[in-house]
Amino acid sequence: MKIAATLLVAALAVSQSRADELVSAAAAKAFVGKPDVRFVFADADRDFEQGHVPGSVVAYAHDLYLLDDVKACQGLPMCEARAAKVIGDLGIDAATDVVVYDLGAGANASGTWFFLKLYGVKSVRILDGGLATWKAQGGALETGGPAKVAAKGFTPVVQRDMVATRDEVKKATGDSAHYLILDARHNLDEYTGKTLLSALVAPGKEYTVKRGGAIPTAVFSPWSKYAGNKNGEPGKPTLKDDAELQKLVEKLKHNGYDPSKEVISYCHVGLGRGSFQYLALRHAGVKNVKVYVGGWGEWGEDPSLPLAAQP
């Protein structure tokens, strides 16, 4: 009886988690045009202009990460004052219900979702299946630029337990008894150091990270293995089903995972592949998980930090 009760509690927790994190296209249709709801597109402007949910604004996930702020403000993607202005300018305040979406793959939607949750937006969910599923289910569309919305006052309440700082990650590399680091990049050439990408340092300023590779002890754990719609196809869910996610968590035990450990997910900029892995793990019931938002953009640029040995 105790085992059955435990499984029931776990199942109810997962079901509630999905309701808190995702909203179906069918349900979201009722929110269009409501003054207390804001749709936020998380992919690039050029994609937005070709078609989007009416009344949407744009907050491209990779533009929400500024490396100068990451360094200055203890691992946050933006210092609080800047983040407050960005969120307020989207027409979001404490009373706003937010629906975040991308073209369908989910990685960028997860990045903008994570950013908003991190700074304390209380009601923010991802449109399950993204714009591809919205279109397939007959959701209304408009083209052109983002909606003109009145800025609102927003006061951040930072959820520090969602992020890992560079110093914590450095500590984790030498403490496998208490930490598990997961590299969410899907491109093996990034993990092995063959490919170098750019990072946004400040608005309008970016550089190509000097070093390639991975953080020592990090397990190669591509975000796409959790994705139900990695190619952005219509009618597919953002996350794999609950049973598949549970299997993936079980497989992580072969890499040293156990529920007592702190799991740190990272990618190149944190808000994207790393946040998607965070979303999936949280949905699967992993409670002790954080995102290293600085990601490879911060780690790879600092010559004092160690690199993983490559085969």
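What counts, and at which threshold
Residues numbered from 1 in each chain as written. Predicted model: local features only at pLDDT ≥ 70, side-chain atom pairs only at ≥ 80, totals over all residues. Heavy atoms only, no water. Helix = DSSP H or I, 4+ residues; strand = E, 2+ residues; numbered from the N terminus. Rg over C-alpha atoms; globule rule 2.2 N^0.38 Å. Buried < 20%, exposed > 50% of the residue type's maximum accessible area, 1.4 Å probe, protein only. Contact = heavy atoms within 4.5 Å. Areas by Shrake-Rupley, 256 points an atom, 1.4 Å probe, with all protein chains shown as cover. Lys, Arg positive; Asp, Glu negative; His and termini not counted. Charge placed at Lys NZ, Arg CZ, Asp CG, Glu CD. Axes fitted to C-alpha atoms, helices over the stretch in contact; angles between N-to-C directions. Parallel < 35°, antiparallel > 145°, perpendicular 65-115°, else oblique. Nonpolar A, V, L, I, M, F, W, Y, C, P; charged D, E, K, R; others polar. Disulfide = S-S within 2.5 Å. Pairing = 2+ DSSP bridges.

K.L.:
In this structure, what is going on with the overall build of the protein? I would like to understand it.
P.N.:
Counting its secondary structure elements, the protein contains 12 helices and 11 strands. Taken over C-alpha atoms, the radius of gyration comes to 19 Å for the protein, in line with the 19 Å a tight globule of 311 residues would show. Here the C-alpha coordinates of the protein stretch approximately 60 × 50 × 35 Å along the principal axes. Per-residue burial over the protein gives 52% buried out of 311 residues. Taking as baseline every contact in the protein between residues at least 6 positions apart, the subset at least 24 positions apart corresponds to 76%. When the accessible surface of the protein is split by element, carbon and sulfur atoms take 54% of a total near 13600 Å². Here the protein carries 36 positive and 35 negative side-chain charges, and the mean point of each set is 3 Å from the other.

K.L.:
Hey, could you run me through the packing of helix α6 (residues 107–118) against helix α11 (residues 273–283) in this one?
P.N.:
Packed helices, taken two at a time, are described by their axes: the angle between them and the distance between them. Between α6 and α11, the least distance of the axes is 7 Å, while the angle of their chain directions is 80°. Classified by the interaxial angle, the pair formed by α6 and α11 is roughly perpendicular. Between α6 and α11, the residues in contact are Ala107, Ser110, Gly111, Trp113 and Phe114 and Arg273, Ser275, Phe276, Tyr278 and Leu279, respectively. When its residues are assigned to classes, the contact of α6 with α11 shows 6 nonpolar, 3 polar and 1 charged.

K.L.:
Got a minute to help me understand the state of the cysteines in this structure?
P.N.:
What is meant by a disulfide is a covalent connection between two cysteines, made through their sulfur atoms. In total, this model carries 1 disulfide according to the counting rule given. Between the sulfur atoms of Cys73 and its disulfide mate Cys79 the distance is 2.0 Å. Torsion about the S-S bond of the Cys73 and Cys79 cystine: about 95°, corresponding to right-handed handedness. We note that Cys267 lacks a disulfide partner, and the nearest cysteine sulfur, in Cys79, lies 20 Å from it.

K.L.:
How should I be thinking about the sheet that holds strand β9 (residues 219–220) in this particular structure?
P.N.:
Hydrogen bonds between backbone atoms are what pair the strands of a sheet, whose relative direction is either parallel or antiparallel. Pairing is parallel in the open sheet, where 4 strands are placed in the order β9-β6-β10-β11. Both edges of this open sheet fall to β9 and β11 (289–291), since each of them pairs with a single strand only. Here strand β10 (residues 262–266) runs beside β11; their pairing, made up of 3 bridges, is parallel. Note on β11: the bridge partner recorded for Ser265 is Val291. Lying over the sheet, α11 contacts β6 (179–183), β10 and β11, oriented at roughly 165° with respect to β11.

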